[in-house]
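# Reading the structure
Okay, here's what each chain looks like letter by letter:
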Amino acid sequence: MSAWVLPDHIADVLPSEARHIEELRRGLLDTARCYGYELVMPPLLEHLESLLTGTGEALDLQTFKLVDQLSGRSLGLRADTTPQVARIDAHLLNRKGVTRLCYCGPVVHTRPDRPHATREPLQFGAEIYGHAGLEADLEAVQLSLDCLRVANVQDTSVDLADVRIVRSLLAGVPVDAPLLQSIHTALANKDASELAFLSRDFPVASREGLLALLQMYGDEEVLVEAEKALQRTPGVREVLLNLKWLASRVQGVRVSFDLADLRGYAYYSGMRFAIYAPGASDALVRGGRYDEVGAVFGRNRPAAGFSLDIKQVVSVVSPRLLKAAIRAPWGDSEDVHAAIAALRSCGETVVCVLPGHESEVDEFHCDRELVPVSGQWIVQAIEATDNELGLR
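Quick notes on the rules
Residues numbered from 1 in each chain as written. Predicted model: local features only at pLDDT ≥ 70, side-chain atom pairs only at ≥ 80, totals over all residues. Heavy atoms only, no water. Pairing = 2+ DSSP bridges. Helix = DSSP H or I, 4+ residues; strand = E, 2+ residues; numbered from the N terminus. Buried < 20%, exposed > 50% of the residue type's maximum accessible area, 1.4 Å probe, protein only. Lys, Arg positive; Asp, Glu negative; His and termini not counted. Salt bridge = Lys/Arg side-chain N within 4 Å of Asp/Glu carboxyl O. Contact = heavy atoms within 4.5 Å. Axes fitted to C-alpha atoms, helices over the stretch in contact; angles between N-to-C directions. Core = buried A, V, L, I, M, F, W, Y, C linked by side-chain atoms within 4.5 Å. Arc of directions from axis to C-beta. Polar contact = N/O pair within 3.5 Å; in protein donor to acceptor, adjacent residues only side chain to side chain. Expected span 1.5 Å × (residues − 1). Patch = residues over 30% accessible without salt bridge, like charges linked within 9 Å, V, L, I, M, F, W, Y side chains within 5 Å. Areas by Shrake-Rupley, 256 points an atom, 1.4 Å probe, with all protein chains shown as cover.

Bringing the sheet that holds strand S10 (residues 271-276) into the picture now. Ordered by their spatial adjacency, nine strands build an open sheet running S1-S5-S6-S12-S11-S10-S7-S9-S8, and the pairing between neighbours is mixed. Because the sheet does not close on itself, it has two edges, and the strands there are strand S1 (38-39) and strand S8 (217-218). Pairing geometry for strand S7 (residues 157-162) and strand S9 (residues 254-258), over four bridges, is parallel. Pairing of Val-158 across the sheet is with Val-255, part of S9.

So, in structure tokens, the structure goes:
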């Protein structure tokens, strides 16, 4: 095998896509900052016990493990940043009030989490800690939608669910972790026969309620049907009212419901949402409420947020046009150096053409050039020389 062949589902990012990714990263961080979110940068690897405790089997299976050559302890390469941000909130910041944090960095997966996905996503996310009300849930949805608008993602739709419905149906039913995972998978896949088999020994109300969830996806009528079908299940009516409240305040996009959708990591504790767009093979954004994610760090306080993979977002939107650049000659004279420096200080991209390379492909699509005119260096359009900009 050639030494330069990369592992499966791992790829280099070439200039045009890298530029798009970086521009989008900056735009998303600026959008989060406009909402009051502070940037944090957790490490790429941690001790396994702090990285995975309380996160569930799904995240454990997605995590690469290795041995620390300094301490001999087991380390993990993060597969999701949310638990790390919860640790920062709980131990390093330890604030009493509301804390808003955002992050952007690579995560590494042992397997692709969707068709055609990379195993090295560039994960962006935002978390709000310290508020148990629906306002935090709504802010997470609104910020995620604004982030997709910044990315120029069109025709988005929001799908809402809540894990507390299934928890209520299973209250008092002895279910171990493997069986619970199988139930979640059958619900997400709308597999009625498998779900019927898994719940064959459950109480009638629990079994029928789970099977009814398989048909509860669509518009707001789903909530009406769910209230009728699950009226004897404690706590469900309040959950449905909360979902209705959220849906009524999400503006400008289509909102739907899928009460059987429990895909993702095990630390979600309440409302969950996914955002879809044409051209994407799976949800572009997943988020919701995860009040229990900080419990393993000794601080079980309210939390809500979302995450997305910038590489996935870039793959479903049109490439951005390059910012127009200026072509300049290479030279030793102080005046040309000063002219180039002045242009760059104003934010212009100036590409110096090295001697002997004048006929090479223009990667930056230069539409102007720096030329000497009457003892001064001026910028002029390459094809329209009468469109000159004086540089004094």
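Right, picking up where we left off after that structure.
A word on the side chain of Arg-78. By the element assignment, Arg-78 lies in the loop between strand S4 (74-77) and helix H4 (82-93). No salt bridge forms around the buried Arg-78; measuring N to O, its nearest opposite-charge neighbour Glu-46 is 7.0 Å away. Sequence-distant contacts of Arg-78, that is, excluding residues within four places in its chain, are made with Pro-42, Pro-43, Leu-44, Leu-51, Gln-84, Gly-105, Pro-106, Val-107 and Val-108.

Turning next to the sheet that holds S4. One open sheet holds the three strands; their spatial order is S2-S4-S3, and the pairing between them is antiparallel. Two strands close off the open sheet at either side, each with one partner strand: strand S2 (45-47) and strand S3 (64-67). When the angles between neighbouring strand axes are averaged without regard to direction, this sheet yields 35°. Where S2 meets S4, three bridges bridge the pair, whose relative direction is antiparallel. Looking at S4, one finds that Leu-45 is bridged to Leu-77.

With 83 residues, the main nonpolar core has Leu-160, Leu-187, Leu-213 and Phe-273 as its most contacted residues. In terms of residues, this core owes the most to one element, helix H5 (residues 134-150), which gives eight residues. Apart from residues lying up to four places away in sequence, Leu-213 is in contact with Ile-165, Val-166, Leu-169, Leu-187, Leu-230, Leu-259 and Ala-260. Of all hydrophobic cores here, the second largest spans 10 residues; its members include Ala-328, Val-336, Ala-339 and Ile-340.

Time to look at helix H10 (residues 221-229). Every α-helix carries 3.6 residues per turn, so stepping three or four residues along brings you back to the same face. Taken residue by residue, H10 has Val-222, Leu-223 and Ala-226 as its buried positions. What you see down the axis of H10 is that its buried residues fit within an arc of 95°, all on one side. Against the buried residues of H10 lie S8, helix H11 (236-249) and S9.

Checked against the element boundaries, Gln-312 lands in helix H12 (residues 310-315). When its relative accessible area of 7% is taken as the criterion, Gln-312 is described as buried. Among the polar contacts listed, one links the side chain of Gln-312 to the backbone oxygen of Ala-283, at a separation of 3.3 Å.

A few words on helix H7 (residues 177-188). In this model H7 runs 17 Å from its N-terminal to its C-terminal C-alpha over 12 residues, within 8% of the 16 Å that 1.5 Å per residue would give. Listing the buried residues of H7 in full gives Ile-183, Ala-186, Leu-187 and Ala-188. Residues of H7 that are buried make contact with helix H6 (163-169), helix H8 (192-198) and helix H9 (204-213). The N-terminus of H7 is capped by Asp-176, whose side-chain oxygen sits 2.9 Å from the backbone nitrogen of Leu-179. Of the residues trailing H7, Lys-190 is marked for its positive phi of about 55°.

This next bit is on unusual backbone geometry. Trans peptide bonds make up the majority, and among non-glycine residues the majority have a negative phi. Located in the positive-phi region is Lys-190, a residue other than glycine, with phi close to 55°. Mapped onto the fold, Lys-190 is located in the loop between H7 and H8.

Here Arg-301 is to be found in the loop between strand S11 (285-289) and strand S12 (303-309). Taking C-alpha positions, Arg-301 is 7.0 Å from Tyr-129, a pair spaced 172 residues apart along the chain. Leaving out residues up to four positions away in the same chain, Arg-301 has contacts with Asp-89, Arg-95, Lys-96, Gly-97, Thr-99, Tyr-129, Gly-130 and Asp-291. Engagement of the side chain of Arg-301 in a polar contact is seen with the side chain of Thr-99, the distance being 3.2 Å.

Moving on to a nonpolar patch on the surface. Taken together, the side chains of Leu-44, Leu-45 and Leu-66 make up a nonpolar region of the molecular surface, amounting to roughly 210 Å² of accessible area. By relative accessible area, which is 35% here, Leu-66 ends up partly exposed.

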